[in-house]
Amino acid sequence: MSAQTEPQSPVLTAHRAGLIGCRSCGRVWPQDEAHCHRCGAELVPPDRRGLQAVWAWLIAGLIAYIPANVFPMMSTQTFAGLAGNSEATILGGVIELIHYGSWDIAVIVFVASIVVPVGKFIAIAWLAVVAGRPANVDQAHTRLKVYEVVEFIGRWSMIDVFVVAILSALVQLGFVASIKPGPAAVSFALSVAFTMLSAQSFDARLIWRGLPLRSRSSAGSATTGPNDE
Amino acid sequence: MSAEPSYDLATGRGLIACPSCDALHLREDMAPGETARCIRCGHVLAKPREGAFGQLIALAFTSMVLLIGAVFFPFLEVSTFGFGNASSLFDVALAFADGVLLPLVVAVLAMIIGLPIARSFLLVYTLVPLAQGRPPHRHAATAFRWSETLRPWSMAEIFVIGTAVALVKVAGLASVHLGPAFWAFCALIFVNLASRSFMCRTSIWDAIEQSGQSVDDRDPAGPPAEAQRPANLADPQAGA
């Protein structure tokens, strides 16, 4: 696979060669094929129109993230309510943990449920904005790195939902203490799922489409209707 | 036949497009242990391993056994002031069985038990005939594609870290006893890691394609196998 069909510095892509590559198995097909005949996946041209799905899932994720922060993640009842009922939102839970002095867990929860989701929203939005815009190779590598990090880290936000589930199942100690999940758990889970779908619908091939060489308009005009160059 | 070029820019035969950046590469047979990376973005295109199919099947079975064990054995147990509570994995999911949270029961069960088992099953279904050198089962390609699509949604390892966080939170409140299901999940992390490092999707796709076509008149192990691939393989009808 080290051999390359075109030894010059601009890399020949399937798209520019008038072909279409399967993103699921890598097999290459003529451009007018709609489905990969090896793995059955849909063949999608690297096209900025695919970004609509990214934006749609991203906005859905953002909307779901609002109730996830407003409503309580779980409510704790200690000594049958005599020692107090507390309802903790995500941020409230972090502050509570700091009060208890468990800094390490506070940091984990803070990173997993606030830093990572917000960072993910920003990173996906940035990628969707710059995708397909002119870039040099270094910038493309940076974008790819950002995309890989977002894709890798996205599912780890689900940790918060699992913690709530485990605590609620475990801490059912009758009189002493009991924990109940709150409505934020479901909207947080939805938010994580939507952002994962958003990251998955982003086509990493777009990162490389804006690399310097002006031939991309001629290669692109075959499939991508409107082309601004 | 050997005078034919090894690739065809009109039909895509003998070529591979990097799934991450679309750069075209020539398909070549590789020795086990070699790694092929995309020349532009560095994405690993293929990383075949000797006997990987057998190892993957074994790991998939291991993961099934661990998961089934995890379902039936107790997961965690807490006790304080004489009050005790044991929870299984179902109890964990059923913690959400209340009003608006109900859909989350299904989602959590799917993410920690359902999808990992389903993925192991799909992988075994795809790989067993291939490892034995027989033609793949019907819909093997679909099965393997689904197994890969579901990969990000099977979250057993995230669940283990979630358990660890929950345990630290509970530790001050009550004493916790870890059940066999917990250790099964810990073992599952390592099984998944091993499975991931043995997995070379390109080799599996090539194996499905090559053993699925009875038109082969070549030695599948022959070095320039791709060059001798009959042209009708790239024909839309042939592979459907």
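All values derive from a computational prediction rather than experimental measurement. (Residues numbered from 1 in each chain as written. Chains lettered and ligands numbered in written order. Predicted model: local features only at pLDDT ≥ 70, side-chain atom pairs only at ≥ 80, totals over all residues.)

1. Re the overall build of chain B
Looking only at helices and strands, chain B has 8 helices and 7 strands in total. Looking at chain B as a whole, 40% of its 240 residues qualify as buried. Relative to all contacts within chain B whose residues are 6 or more apart in sequence, the contacts with residues 24 or more apart total 61%. (Helix = DSSP H or I, 4+ residues; strand = E, 2+ residues; numbered from the N terminus. Buried ≥ 20, exposed ≤ 12 C-beta atoms within 10 Å, placed from the backbone. Contact = placed C-beta atoms within 7 Å.)

2. Quick word on the overall build of chain A
Along its length, chain A carries 7 helices and 5 strands. Traced from its N-terminal end to its C-terminal end, chain A shows the element sequence β-β-α-β-β-α-α-α-α-β-α-α. Within chain A, buried positions represent 45% of all 229 residues. At a minimum sequence separation of 6, the contacts of chain A that also span at least 24 residues come to 62%.

3. So, the interface of chain A and chain B
Taken together, the contact pairs 60 residues of chain A with 65 residues of chain B. For the side of chain A that touches chain B, the elements supplying multiple residues, two or more each, are strand E1 (19-21), strand E2 (28-30), helix H3 (103-130), helix H5 (159-170), strand E5 (177-181) and helix H6 (184-201) of chain A. Counting residues per element, the side of chain A that touches chain B draws most heavily on H5(A), which supplies 9 residues.

4. Structural notes on the environment of Cys39(A)
Assignment of secondary structure puts Cys39(A) in the loop between E2 and helix H1 (51-70). Judged by the 24 C-beta atoms lying within 10 Å of it, Cys39(A) is buried. With 93 residues separating them along the chain, Cys39(A) and Gly132(A) place their C-alpha atoms 27 Å apart. When near neighbours in sequence (up to four residues on either side) are disregarded, Cys39(A) contacts Cys22(A), Ser24(A), Cys25(A), Ala141(B), Arg145(B) and Trp205(B).

5. Quick look at the nonpolar core
Phe162(A), Ala165(A), Ile166(A), Leu167(A), Leu170(A), Ala185(A) and Ala189(A) are the most contacted members of the largest nonpolar core, which totals 131 residues. If we skip the residues at most four places from it in the chain, Ala189(A) touches Met158(A), Val161(A), Leu104(B) and Ala107(B). (Core = buried A, V, L, I, M, F, W, Y, C linked by C-beta atoms within 7 Å.)

6. Examining the packing of H1(A) against H3(A)
All names here are of chain A. Interaxial distance between H1 and H3 falls to 10 Å at its minimum, and their mutual angle equals 160°. On the basis of the axis angle, H1 is roughly antiparallel to H3. Judged by the twist between their axes, the crossing of H1 over H3 is left-handed. Contact residues: H1 offers Leu51, Val54, Trp55, Leu58, Gly61, Leu62 and Tyr65, while H3 offers Pro117, Phe121, Ile124, Ala125 and Ala128. Per-class residue counts for the contact of H1 with H3 are 11 nonpolar, 1 polar and no charged. (Axes fitted to C-alpha atoms, helices over the stretch in contact; angles between N-to-C directions. Parallel < 35°, antiparallel > 145°, perpendicular 65-115°, else oblique. Left-handed = near helix turned anticlockwise from the far one by under 90°. Nonpolar A, V, L, I, M, F, W, Y, C, P; charged D, E, K, R; others polar.)

7. Focus: the confidence of the model for chain B
Predicted coordinates in areas of low pLDDT are best not read in detail. Residues and elements named next belong to chain B. Summarising the model, chain B shows a mean pLDDT of 79, and 85% of its residues fall at 70 or more. This stretch, residues 214-240, has a pLDDT under 50; its non-local contacts, to residues over four places away or in other chains, come to 38 contacts. Across the predicted assembly, pTM comes out at 0.81 and ipTM at 0.79. (pLDDT = per-residue confidence, 0-100.)

8. Describing helix H1 (residues 52-72) of chain B
All names here are of chain B. Here H1 contains 21 residues, and its C-alpha end-to-end distance of 30 Å stays within 8% of the 30 Å for a straight helix at 1.5 Å per residue. Burial in H1 covers these residues: Ala52, Phe53, Leu56, Leu59, Ala60, Ser63, Leu66, Leu67 and Ala70. Burial along H1 is one-sided: seen end-on, the buried residues are contained in an arc of 145°. (Expected span 1.5 Å × (residues − 1). Arc of directions from axis to C-beta.)

9. What about the domain arrangement of chain B?
Residues and elements named next belong to chain B. Under the domain assignment, chain B is made up of domain 1 (9-48) and domain 2 (52-213). Here the C-alpha centroids of domain 1 and domain 2 sit 30 Å apart. At the junction of the two partners, domain 1 supplies 4 residues and domain 2 supplies 4 residues. Broken down by class, the residue content of the side of domain 1 that touches domain 2 amounts to 3 nonpolar, no polar and 1 charged. (Domains from an automatic or database assignment.)

10. What about the packing of helix H2 (residues 90-100) of chain A against H3(A)?
Residue and element names in this part refer to chain A. For the pair H2 and H3, the least separation of the axes is 8 Å and the interaxial angle reads 165°. Between H2 and H3, the angle is such that the two are roughly antiparallel. When you trace H2 past H3, the crossing you get is left-handed. In this structure, H2 contributes Ile90, Leu91, Gly93, Val94, Leu97 and Ile98 to the contact, and H3 contributes Trp103, Ile105, Ala106, Val109, Phe110, Ser113 and Ile114. For the contact of H2 with H3, the per-class residue count stands at 11 nonpolar, 2 polar and no charged.

11. Overview of the pairing of E5(A)
All names here are of chain A. Across the 5 residues of E5, 4 count as buried, placing the element largely inside the fold. In this structure, strand E3 (residues 74-78) lies alongside E5, joined through 5 bridges in antiparallel fashion. Residue Met74 lies in a different strand from E5, and its bridge partner there is Pro181. (Pairing = 2+ DSSP bridges.)

12. Examining H2(A)
Residues and elements named next belong to chain A. If you check which residues of H2 are buried, you get Ile90, Gly93, Val94 and Leu97. What you see down the axis of H2 is that its buried residues fit within an arc of 100°, all on one side. Across H2 from its buried face, at more than 90 degrees, point the exposed residues Ile95 and His99.

13. With respect to unusual backbone geometry
A negative phi angle characterises most non-glycine residues, just as the trans form characterises most peptide bonds. All names here are of chain B. In this structure, Asp22 is a non-glycine residue whose phi angle is positive, near 75°. For Asp22, the position within the fold is in the loop between strand E1 (15-17) and strand E2 (24-26). The buried category is assigned to Asp22, around which 31 C-beta atoms lie within 10 Å. Residues other than glycine seldom take positive phi values, yet His139 does so here, at roughly 60°. Within the secondary structure layout, His139 lies in the loop between helix H3 (102-131) and helix H4 (140-149).

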